[in-house]
Structure formats: structure tokens, C-alpha cells
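Structure at a glance
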Amino acid sequence: MASTSDVRKGVVIKHQNELYVVVEFQHINPGKGSAFVRTRMKHLGTGKVIEITYKTSETIDIVNVQFQNMQYLYKSGDNYAFMDMNSYEQIEMDGDLVGDEGKYLKEGLGVVVGLYEERPVSLQIPKKIQYTVVEAPPAVKGDSASGNVTKEIKLDNGLTIQAPIFIKEGEEVLVNTETGEYSARA
Amino acid sequence: MSNWKDLKDNPRLKNIYETRLQILRLIREFFWSQNFVEAETPVAVRFPGQEPYLNPVAVDFLDPLKTSYRLYLRTSPEFALKKLLATGIEKIFEIGKCFRNEESFGGTHNTEFTMIEWYRAPGTYKEIMDDTENLFKYVGEKIGKNKLKYRDQEIDLSGQWERSSVKELWQKYICVNLDDYLEIQPMRKLVLDLGFTVDEKDEYEDLFYKIFLNKIENNLGKDVPIFVYDYPASLCSLSRKCENDERYAQRFEVYVGGLELANAFGELTDFKLQQENLQKDKELRERLGRPTWAVDPSFIAALESGIKPAGGIALGVDRMVLLFTGARDINEVIFQSVADQLEN
């Protein structure tokens, strides 16, 4: 049995005999009795998301998940294929479990995949990822004056984001994967 | 993220910050226009509040001979503002920084945060509810927003806000009469019956909130903001008891989209009862193994000198900005939050 301090993104919790992977958590202490951790967890079978709050005094049934460094290879139908960098084995992860973060994946990206009984159940991607800009309309004179301080650019994995108007095609940029926004020039 | 470079390059974040500054100005205008006195009280205090589960940040001040004095960064300006009520001020507010340790850096928390507190003496907690609703509507109108946003929810600001007692909410969501669960034993059984675990060290407050946080809180303020009022008296050290039922006390919280935004009291102004309640909280802090300090003697003395029946509230300004701007988390509404400073 584990405690609330072991709750992390990507761990799998057995809650009322069902398995859930933690997608979001926050330790809070607002003075409502002892501190607690609020979790958002996705059911491993149905993908349904629930919110559960555990008090720090509670024990939590965290099941053993192996975290492996992997590299993203390609999208295969609804699923995503990764390569285990230790064994060079290839695995496929369910698109529902990858969720919205799939849009940030690009070939060769290093990620951490959580495996429960050899099944990939969670994915951690870097907080900032570097991409090459493949399309960026040139800035037009007067843009700033008219309030157009950003423009849409396309990145090498097909993702489009808003970026400052000074960004040009061929440049390397960092994207914040928590917000999906331009972060800085790389 | 909200450091200078983020603000420079990201118009959404810049807009959030500008809206924050505008909201701060509007809050002041709202209270000034009603002849509230704007106060300024110490951030570092010798005797912070006794809330059993809050963790004030300790700081040591040195005099020129390097003698050390232990102070604490306030978790709220409550004691100081009530002392000012004792001077005869009838309507008072303060916007300032407060600190609570052992909180997440992000999400809905930052160790250093901005709070507004206001008090009316004479005043009731129902009047404070009206103030809160009017404040939000005033700010919303001035910045052209009639909806609040939290996560993927939109909460209507223009209509009348909901008001429900804690007892009504337990009836609605747990289907029990809270009157029967005001003691620790029946509450412990209820927690177990609902499928949660119980630790022998759990205090009544822990048990109450195991249920409240899991089964009730997320439902609060989904369509319109809600005032949740009249808590079990044992959870309200600083409130006076309800006139019609002394098992409950005059306290309310405001929830918007499941997010707690404010905590308010019909203020306890009886100095003897206040001393007793704070002493009990201090003893609970000792039992919980937390740092303790004396009950602020000048606060008790101020109450003894006499304060008119008062109502007051503490409202998180960062969260208010978050709701008005639809920011993703608290780090986006605070310039150089703790997380930002640690990362950059």
C-alpha cells in the first residue's frame, strides 16, 4: 500500500477494484481538515475520467507500473507506436490513453511510457518540445500597429500554433506542451 | 507561466495580466465608492491565526544586536482588520499578500497569494454575500464579461447567485440529515458506509471533508456561483453561532465551477468565547504536532473593548482573476509565481 505522497501522473491506482491511471493531481491544504491530494484518473478499460480526493492519512492501492524511456515512431491507425530504447522492442499504445498529447508527438521524440503488466497505460512527454517551423506567413508591414502580434505557423509534425510575427520558416521553436502555445525560439 | 518573456511573446498571457491589474483597480473602486476604508496591516505578524490545518511561513527578524525574533507571514489579515474595527471603523477592506506553506506550486495554489478581506461592523454575513455578488457583477460589467470560466465550464454571472445551507447540500447529495452527523462517531460510520477509509487519528473535520470534497464540492457552482452557508459549529472557530440553531455557525463559502473562492463569517465578537475557541484550536495544533504560538492577546483585548456585530470575508483575488480570464491555472494569473521563479 502506498500513501498520497506516491501519487504521480502516470501511476495506476486500484480504486474500488477498478484500475485507473492518474492524469492530473494536486496536493492541497486549504484548511479543510488535514491536507489532501485531488486526482483526476482515467479508467483503464473505459477511458472514463473520475475525480477522487484522498486525505493524507489514507492508504492508496498503487499498482506496480514500469516506467520506460521510449522513442516515438509513428501513428498506426488510432494507436501510437513507440520503441523501448533498452530492448528495442516495439509497442503500441491505445489512442484513447494517449489522448490530446498525441498531437505533440514527432518521430524520434523521447518519452516515458508507463507499462502495467506489459500494457502501455500512460505517456509522459517533455514539457517543452523543439520543432522546426515549416510554414510561417511573412509578417506584413503594419501588423503590429493593427494589433496583429501573432500569426499561425505550422510545425514539422503537422501541428499548428500561434507564434509571434517575427518567427520565420526554417527556425527552431519550443512549444509548451501544457498549454499548446509557443514558448521561445530554440 | 507568467514571466516577462511569456508576457512579451504571448498576447493571451499579456491580456490576462492586464486584466488582473484592471480587476485590482476595480475592486478598489467598488469598495471606495461605498466609503470603505482601505487598510494596510503587517504582512509579518508575531501571532498568526490558529487555524489547525494551515501552515504559516516562519521568518526571523534580527535587531542591530542580532537578537532574533520569530514572526510569521500572515495567512490572512483577519486579526489585524478586526483590531481596526475596534477603533470604530465601520467598513474596512485590505488587498494584500498572504502566505500559506506546504501548498502546491500551481493548479489553484501559490504559496504567496493575493487576498482581499472586507468587514462590515455593524454587518451580517448575509450582507457580505450581497457585497460579494455585487462585486463580481460590478467587475464583470466593467470588463465586459458576464460569464466566468473554470476548466471547461462557463458559469453565468448575470443572474441571481444560488444560496444553499450545508445541511441542504448534505440532504441533496448524500441523502442524510446532517443534524444526525454532528458528532465524530456517527460521522465515522457514515464515511465507512460511503466506501471511504477511516484512520483512527481522523478528527471530525477530516471525516466531514472526506465526504464533502468527494461527493459535494465538485457539484458546487456549476451553472451559477453558489453561497454555501451555516457550517457545523465545530468547524467555525471565528464565527458566531446561528441564532435559530446553535449546532451550526454563521460561516459561508463561495464556489464557482467547483472552485472555492472565499470564506466568510458572521464574526464572533464575544472575547471570552473567541479566546476559548482559539485556545482549543491551539491545542489541536499541538495534538497534530504542528508549531504553535500564543493566542494573539491584543486581538482578544480588541474584542473585549467592543466591536459591533460584524460580518467579514476573505476572497482569493488570484482565483477571481482566473475565473474572469479563463486562465488555465493560477500560474498564468500571477506574475512570477513560485513555480515560474523555480523553473527560470
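Residues numbered from 1 in each chain as written. Chains lettered and ligands numbered in written order. Predicted model: local features only at pLDDT ≥ 70, side-chain atom pairs only at ≥ 80, totals over all residues. Heavy atoms only, no water.

**Some words on the overall build of chain B**
Along chain B, the regular secondary structure elements total 11 helices and 13 strands. Radius of gyration (C-alpha) of chain B: 20 Å, near the 20 Å computed for a compact globule of 344 residues. With respect to the three principal axes, the spread of C-alpha positions in chain B is 60 × 55 × 40 Å. Within chain B, buried positions represent 57% of all 344 residues. When contacts within chain B are restricted to residue pairs at least 6 apart in sequence, long-range pairs at least 24 apart make up 67% of them. With an accessible surface of roughly 15000 Å², chain B has 49% of that area assigned to carbon and sulfur atoms. If you average the places of the 46 positive and of the 57 negative side-chain charges in chain B, the two averages end up 3 Å apart. (Helix = DSSP H or I, 4+ residues; strand = E, 2+ residues; numbered from the N terminus. Rg over C-alpha atoms; globule rule 2.2 N^0.38 Å. Buried < 20%, exposed > 50% of the residue type's maximum accessible area, 1.4 Å probe, protein only. Contact = heavy atoms within 4.5 Å. Areas by Shrake-Rupley, 256 points an atom, 1.4 Å probe, with all protein chains shown as cover. Lys, Arg positive; Asp, Glu negative; His and termini not counted. Charge placed at Lys NZ, Arg CZ, Asp CG, Glu CD.)

**Here's the deal with the overall build of chain A**
Secondary structure assignment for chain A yields 1 helix and 17 strands. Projected onto its principal axes, the C-alpha positions of chain A cover 60 × 45 × 25 Å. Among the 186 residues that make up chain A, the fraction classed as buried is 46%. In chain A, 43% of the contacts between residues at least 6 apart in sequence involve partners at least 24 apart. Approximately 9200 Å² of chain A is accessible, and the part contributed by carbon and sulfur atoms is 45%. Chain A carries 20 positive and 26 negative side-chain charges, and their two centres are separated by 8 Å.

**What to know about the interface of chain B and chain A**
Residue-level contacts link 35 residues of chain B with 32 residues of chain A. Taking both partners together, chain B and chain A bury about 2700 Å²; carbon and sulfur atoms supply 40% of that area. It is D9, R151 and L213 of chain B in chain B that bury the most area against chain A; as a group they hold 18% of the surface buried on that side. Along the contact surface separating chain B from chain A lie 9 salt bridges. Residue D206 of chain B pairs with K55 of chain A through a salt bridge whose shortest N-O separation is 3.7 Å. Run the count over chain B and chain A and you get 20 residue pairs in polar contact (both at pLDDT 80 or more). Put simply, the parts of the chain that give the side of chain B that touches chain A at least two residues each are α2 (11-32), α7 (204-216) and β11 (248-256) of chain B. (Buried area = accessible area lost by both parts, 1.4 Å probe. Salt bridge = Lys/Arg side-chain N within 4 Å of Asp/Glu carboxyl O. Polar contact = N/O pair within 3.5 Å; in protein donor to acceptor, adjacent residues only side chain to side chain.)

**Some details on α2 of chain B**
Every α-helix winds through 3.6 residues per turn, so residues three or four apart in the chain are directed the same way. Residue and element names in this part refer to chain B. For α2, spanning 22 residues, the distance from its first C-alpha to its last is 31 Å, which sits close to the expected 32 Å at 1.5 Å a residue. Where α2 is concerned, the buried positions are L13, I16, T19, R20, I23, L24, L26, I27, F30 and F31. Check the buried side of α2 and you find it contacts α1 (4-9), β5 (91-99), β6 (112-120), α4 (125-143) and α10 (317-325). Capping the start of α2, N10 holds a side-chain oxygen 2.9 Å from the backbone nitrogen of R12, two or three residues further along. (Expected span 1.5 Å × (residues − 1).)

**Some details on the domain arrangement of chain A**
The domains assigned to chain A are domain 1 (2-63), domain 2 (66-124) and domain 3 (128-185). One C-alpha centre belongs to domain 1 of chain A, the other to domain 3 of chain A, and the line joining them spans 37 Å. (Domains from an automatic or database assignment.)

**Regarding the environment of R40 of chain A**
With respect to the helices and strands, R40 of chain A occurs in strand β4 (residues 36-43). Exposure remark for R40 of chain A: the relative accessible area of 27% places this residue in the partly exposed category. Separated by 28 residues in sequence, R40 of chain A and Q68 of chain A place their C-alpha atoms 22 Å apart. The contacts of R40 of chain A, once residues within four sequence positions are left out, are V21, V22, V23, E24, V49, I50 and E51 of chain A together with R151 of chain B. A polar atom in the side chain of R40 of chain A sits 3.2 Å from the side chain of E51 of chain A.

**Overview of the confidence of the model for chain B**
Averaged over all residues, the pLDDT of chain B is 95; the fraction at 70 or higher stands at 100%. Reported for the predicted complex are a pTM of 0.89 and an ipTM of 0.76. (pLDDT = per-residue confidence, 0-100.)

**Quick look at the sheet that holds strand β3 (residues 18-28) of chain A**
One open sheet accounts for 5 strands, arranged β5-β4-β3-β2-β7 (chain A); its pairing is antiparallel. Each end of this open sheet is capped by a strand with a single partner; those strands are β5 (49-55) and β7 (62-63) of chain A. In this sheet, β3 of chain A lies alongside strand β2 (residues 12-15) of chain A in antiparallel orientation, the contact comprising 4 bridges. Residue pairing in the sheet places I13 of chain A in a bridge with Y20 of chain A of β3 of chain A. Across the sheet, α7 of chain B touches β4 and β5 of chain A, and the angle it forms with β5 of chain A is around 170°. (Pairing = 2+ DSSP bridges. Axes fitted to C-alpha atoms, helices over the stretch in contact; angles between N-to-C directions.)

**Some words on helix α5 (residues 166-174) of chain B**
Residue and element names in this part refer to chain B. For α5, the complete set of buried residues consists of V166, L169, W170 and I174. One side of α5 holds all its buried residues, which, seen down the axis, span an arc of 100°. If you follow the buried residues of α5, they end up packed against β9 (162-165), α6 (184-193), α7 and β10 (226-232). (Arc of directions from axis to C-beta.)

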